[in-house]
Amino acid sequence: MKNNQHFGYHLTNFLSKYLPSEEGKSIHTIRSYRDTFKLFLVFMRGTRRLEAHKIKLTDIDRENVVSFLEWTETERNCNVATRNIRLAAIRSFVKYVQYENPDYLSEFSNVLKIGTKETLQQTPCYMPAEEIKLLLSMPDQTAKRGRRDLAMLALMFDTGARVSEIIGLTPGMVRLDAPCTVKLIGKGNKARIVPLADSQVEVLKHYMKENRLNEPYANKYPLFPNDKGNALTRQGAAYILKKYLKFAMESGLPGNENIPEEFSCHSMRHSKAMSMLSGDTDLIYIRDVLGHVSVKTTERYARIDSQKKRAALEAAYADTTPDAEPVWQQDGELMEWLTGFAK
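Being a predicted model, the structure only gives us computed values, none of them experimental.

**Points about the packing of aromatic side chains**
Okay, step 1: By the definition in use, this model includes 19 aromatic pairs.
Okay, step 2: Between the aromatic rings of Phe43 and Trp71, the centroid separation amounts to 5.6 Å while the plane-to-plane angle is 55°, which identifies the pairing as tilted. Placement of the pair is Phe43 in helix H2 (residues 27-47) and Trp71 in helix H3 (residues 62-74), with a sequence separation of 28 residues.
Okay, step 3: With relative accessibility at 3%, the residue Phe43 sits in the buried group.

**Focus on the pairing of strand E3 (residues 191-195)**
Okay, step 1: Alternating positions in E3 separate cleanly, Arg192 and Val194 being buried on one face and Ala191, Ile193 and Pro195 remaining unburied on the opposite face.
Okay, step 2: In the sheet, strand E2 (residues 181-185) pairs with E3 via five bridges, with the strands oriented antiparallel. Bridged to Val182 within E3 is Val194.
Okay, step 3: What sits between E2 and E3 in their antiparallel hairpin is a turn of five residues, with Gly188 showing a positive phi close to 70°.

**A closer look at the nonpolar core**
Okay, step 1: With 52 residues, the main nonpolar core has Met152, Leu169, Leu223, Phe224 and Met268 as its most contacted residues.
Okay, step 2: In terms of nonpolar packing, the next biggest core, distinct from the first, is built from 31 residues, Tyr33, Leu69, Val97 and Phe108 among them.

**Observations regarding the sheet that holds E3**
Okay, step 1: Strand order in the open sheet formed by three strands is E1-E2-E3, and the pairing between neighbours is antiparallel. Across the chains shown, the open sheet's two edge strands, defined by having one partner strand only, are strand E1 (174-175) and E3.

**Some remarks on the packing of helix H1 (residues 7-22) against H2**
Okay, step 1: Closest axis-to-axis distance for the H1/H2 pair is 10 Å, and the angle between their directions is 170°. As far as their axial angle goes, H2 and H1 are roughly antiparallel. The segment H1 lies against H2, with Phe7, Leu11, Phe14, Leu15, Leu19 and Pro20 engaging Ile30, Tyr33, Arg34, Phe37, Phe40 and Leu41.
Okay, step 2: Grouping the amino acids of the contact of H1 with H2 by side-chain chemistry returns eleven nonpolar, no polar and one charged.

**Observations concerning unusual backbone geometry**
Okay, step 1: Geometrically, the link from Ala178 to Pro179 is a cis peptide bond, its omega value of -5° lying close to zero.
Okay, step 2: With respect to the helices, strands and loops of the structure, Pro179 is situated in the loop between E1 and E2.
Okay, step 3: A positive phi angle is found at Arg49, which is not glycine, with a value near 55°.
Okay, step 4: Examined against the element boundaries, Arg49 turns out to sit in the loop between H2 and H3.
Okay, step 5: In this structure, Arg212 takes a positive phi of about 55° despite not being glycine.
Okay, step 6: If you trace the backbone, Arg212 turns up in the loop between helix H9 (198-210) and helix H10 (234-249).

**Overview of the confidence of the model for the protein**
Okay, step 1: This prediction gives the protein a mean pLDDT of 86; 86% of its residues lie at or above 70.
Okay, step 2: Between the elements of the protein, mean pLDDT differs from a low of 52, seen in helix H14 (residues 327-330), to a high of 96, seen in E1.

**Quick word on the pattern of salt bridges**
Okay, step 1: Counting across every chain of the model gives twelve salt bridges.
Okay, step 2: Two residues, Arg83 and Glu73, come together in a salt bridge whose shortest N-O distance is 3.9 Å. Highlighted residues: Arg83 in helix H4 (residues 80-100) and Glu73 in helix H3, separated in sequence by ten residues.
Okay, step 3: Owing to a relative accessible area of 7%, Arg83 belongs among the buried residues under this scheme.
Okay, step 4: Among the ionic pairs, Arg145 bridges to Asp227, the shortest N-O distance being 2.7 Å. Residue Arg145 is located in helix H7 (residues 144-159), and its partner Asp227 is located in the loop between H9 and H10; the two are separated by 82 residues in the primary sequence.
Okay, step 5: Arg145 sits in the partly exposed class, given a relative accessible area of 45%.

**Side note on helix H6 (residues 129-136)**
Okay, step 1: Regarding H6, the residues found buried are Glu131, Ile132, Leu134 and Leu135. For H6, the angular spread of the buried residues around the axis is 160°, confining them to a single face. In this structure, H6 carries Glu130 and Lys133 as exposed residues pointing more than 90 degrees from its buried face.

**Comments concerning the side chain of Glu73**
Okay, step 1: Judged by relative accessible area, which is 18%, Glu73 ranks as buried.
Okay, step 2: Discounting residues that sit within four places of it in the chain, Glu73 has contacts with Cys78, Val80, Arg83 and Lys117.

**Here we look at H4**
Because an α-helix completes one turn every 3.6 residues, residues spaced three or four positions apart along the sequence face the same direction.
Okay, step 1: With 21 residues, H4 extends 30 Å from end C-alpha to end C-alpha; this agrees with the ideal 30 Å at 1.5 Å per step.
Okay, step 2: Buried positions along H4 lie against H1, H2, H3 and helix H5 (105-112).
Okay, step 3: One side-chain oxygen of the residue at the start of H4 lies 3.3 Å from the amide nitrogen of Ala81, identifying that residue as Asn79.

What counts as what
- Residues numbered from 1 in each chain as written.
- Predicted model: local features only at pLDDT ≥ 70, side-chain atom pairs only at ≥ 80, totals over all residues.
- Heavy atoms only, no water.
- Phe/Tyr/Trp six-rings, centres within 6.5 Å; stacked < 30°, edge-to-face > 60°.
- Helix = DSSP H or I, 4+ residues; strand = E, 2+ residues; numbered from the N terminus.
- Buried < 20%, exposed > 50% of the residue type's maximum accessible area, 1.4 Å probe, protein only.
- Pairing = 2+ DSSP bridges.
- Core = buried A, V, L, I, M, F, W, Y, C linked by side-chain atoms within 4.5 Å.
- Axes fitted to C-alpha atoms, helices over the stretch in contact; angles between N-to-C directions.
- Parallel < 35°, antiparallel > 145°, perpendicular 65-115°, else oblique.
- Contact = heavy atoms within 4.5 Å.
- Nonpolar A, V, L, I, M, F, W, Y, C, P; charged D, E, K, R; others polar.
- pLDDT = per-residue confidence, 0-100.
- Salt bridge = Lys/Arg side-chain N within 4 Å of Asp/Glu carboxyl O.
- Arc of directions from axis to C-beta.
- Expected span 1.5 Å × (residues − 1).
- Polar contact = N/O pair within 3.5 Å; in protein donor to acceptor, adjacent residues only side chain to side chain.

Below, the structure written as structure tokens:
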């Protein structure tokens, strides 16, 4: 089979060369795309009886792709959002092949016409500032690991960072001299500088000094390593958060009944956004802190906040309408009432 027809040849170049070099995609995006095609191979082998080495580019047609997307929902019980992520990866791949081999422009046009499914916009899970304070009081400050966990969770909230941004930090990305900032690498390897609160700076200073992460030789070390000295994984960070959520719920302290069970690292990001919004921070600034491409993404928090304010107003509303109808409403003819009024 010629290389220009071989699925594996193009997929290898797509993942290893095109995405990182030409598109500048992050390692997390590349892994997501990789996982999509690993599942596609499983699907093709199980339902089409085609092994990976026998798959041709012409097998990436509308029928197979639609069937694969339906398979992810029905057989793997994936939600619509995951289905759309798989479709985005396939779209990106076929666009790449079209670019590399124009012979497939027409053939892949039908794949590109496959639409995404609408997803229900769920209200982001978040906690008010008081509950966040309770959560951050849970790590044991007499233990080295507890001090690491506090530094990580506090920084996660203070910066509104994605979990991938937190675990990807190195000491060289933290500036503890005024103005104190942290450099976060977000989606598409886009960097942004986020200012740090004074309380956060003190926590980080003690943590980095204790672990000698403020030394020049440690600039490229993981800021939050695991027991083996490697950077924490997403699963590791999620485990740490879940552990302290459980401690907070079982603490018996005021506010513990308001700790939600389904609270993720991304919920810390939502909590930061809502905290800034409640402090009347401009949406543009919230957008820049969170690293949103468009302020339209940030506006979802404003809608939630307006709903909260409306609910509070409705709860505090007192009906001051008099029970008796005004005299003019009792009169069948308003003009007659006006004529006779104040004579």
